[in-house]
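Architecture and fold: a report
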Amino acid sequence: MITGIHGTRRTRIRRGAAVAVTSGALLATGALTAVPAQAVTAPSIVAKGGYVMNNANGATLYNKTADTRRSTGSTTKIMTAKVVLAQSNLNLDKQVTIQKIYSDYVVKNNASQAHLIVGDKVTVRQLLYGLMLPSGCDAAYALADTYGSGTTRDARVKNFIGKMNAAASSLGLKNTHFDSFDGIGNGNNYSTPRDLTKIASSAMKNATFRAIVKTKAYTAKTVTKTGSIRTMQTWTNTNTLLSSYSGTIGVKTGSGPEAGACLVFAATRNGKTVIGTVLASTTYAQRATDATKLLNYSFARLG
């Protein structure tokens, strides 16, 4: 989902979705035949940056300005989830009470949200689904507030973002920096197609993360202030490749006025997994088409 995009710019990036998604689906169903790597022609993509690697050994399969730093939009949330899932003694059933500030934050920023209800108790597992499927910035805020350390909310959020940067450093990434927990940055939130692909590959080693990002839809049942059960509106995964491209197993969309349309994607066919990223495409539909081209090309190279 778009984070922090306003007015006509939000409308513009969504146009043409039906047509291009159909095109992407047609591309996705095309037969893949084993072709020698040197005989496969690299595709042209609209996205300004792209990268794909063989997840088994990290070998590069496609590179278009893969090390150019760009705004990442909500693909940032891959690292948010990774940091939460790396917490020691993590209890996915721990309940978090939704605060008004989380709701006010998404309204103020016109941000994508999971529509969490103030006062409801929501489990960490549910927050992760709300983070990754509808790209909820309210869920991201709740997680950062819960898993950052400090005596004030601001301190906890700052500490959590610090953990995100520490995780990037531990992966040896030189072109990634986070200044937000959700992609609504303050001028210093960036990564590259190569770095984001490496972050996603690392995150996909976690079974809970893998289960979440391949889920097309999820309905949470939260606990209200009075103790009753609330059935939330179903969260639908914004990654259309899950429906249009056979073998897709994740991972996350992102977008915004500076980021454009972004997608980190992964798929498995014939026992081979490829994972990649496109940044700064033009529309939601175009990012899916770009990714589809790169997936077909990568699987053809692998044979």
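Residues numbered from 1 in each chain as written. Predicted model: local features only at pLDDT ≥ 70, side-chain atom pairs only at ≥ 80, totals over all residues. Heavy atoms only, no water.

Our focus in this paragraph is the nonpolar core. Leu128 and Phe209 are the most contacted members of the largest nonpolar core, which has 63 residues in total. With eight residues, the single largest contributor to this core is helix H6 (residues 137–147). Membership of the second largest hydrophobic core comes to 20 residues, among which are Phe265, Ala291, Leu295 and Tyr297. (Core = buried A, V, L, I, M, F, W, Y, C linked by side-chain atoms within 4.5 Å. Buried < 20%, exposed > 50% of the residue type's maximum accessible area, 1.4 Å probe, protein only. Helix = DSSP H or I, 4+ residues; strand = E, 2+ residues; numbered from the N terminus.)

With that out of the way, let us pick up the sheet that holds strand E9 (residues 248–256). An order of E2-E1-E11-E10-E9 is seen for the five strands of this open sheet, with the pairing classed as antiparallel. The sheet is open, and its two edges are formed by strand E2 (60–64) and E9, each paired on a single side. Across the sheet, the mean angle from the axis of one strand to that of its neighbour is 5°, orientation sign disregarded. The pairing of E9 with strand E10 (residues 260–269) spans eight bridges and is antiparallel. (Pairing = 2+ DSSP bridges. Axes fitted to C-alpha atoms, helices over the stretch in contact; angles between N-to-C directions.)

Across the interface, helix H3 (residues 77–85) lies against helix H7 (residues 153–170) with an axial gap of 9 Å and an inter-helix angle of 95°. Between H3 and H7, the crossing angle belongs to the class labelled roughly perpendicular. Here Met79, Thr80, Val83 and Val84 of H3 come into contact with H7, specifically with Phe160, Lys163, Met164, Ala167 and Ala168. Split into classes, the residues belonging to the contact of H3 with H7 amount to seven nonpolar, one polar and one charged. (Parallel < 35°, antiparallel > 145°, perpendicular 65-115°, else oblique. Contact = heavy atoms within 4.5 Å. Nonpolar A, V, L, I, M, F, W, Y, C, P; charged D, E, K, R; others polar.)

Let us now look at unusual backbone geometry. For the peptide bond that leads from glycine 250 to valine 251, omega is 5°, which places it in the cis range. Residue placement: valine 251 occurs in strand E9. One non-glycine residue, serine 135, lies in positive phi territory at about 65°. Positive phi, close to 60°, is recorded for alanine 280, a residue that is not glycine. For alanine 280, a relative accessible area of 15% translates into the label buried.

Counted according to the given criterion, the structure contains six salt bridges. For aspartate 93, the salt bridge goes to arginine 125, with nearest N and O atoms at 3.6 Å. Highlighted residues: aspartate 93 in the loop between H3 and strand E3 (95–97) and arginine 125 in helix H5 (residues 124–132), separated in sequence by 32 residues. Note that aspartate 145 is salt-bridged to arginine 156, the shortest N-O span being 2.7 Å. (Salt bridge = Lys/Arg side-chain N within 4 Å of Asp/Glu carboxyl O.)

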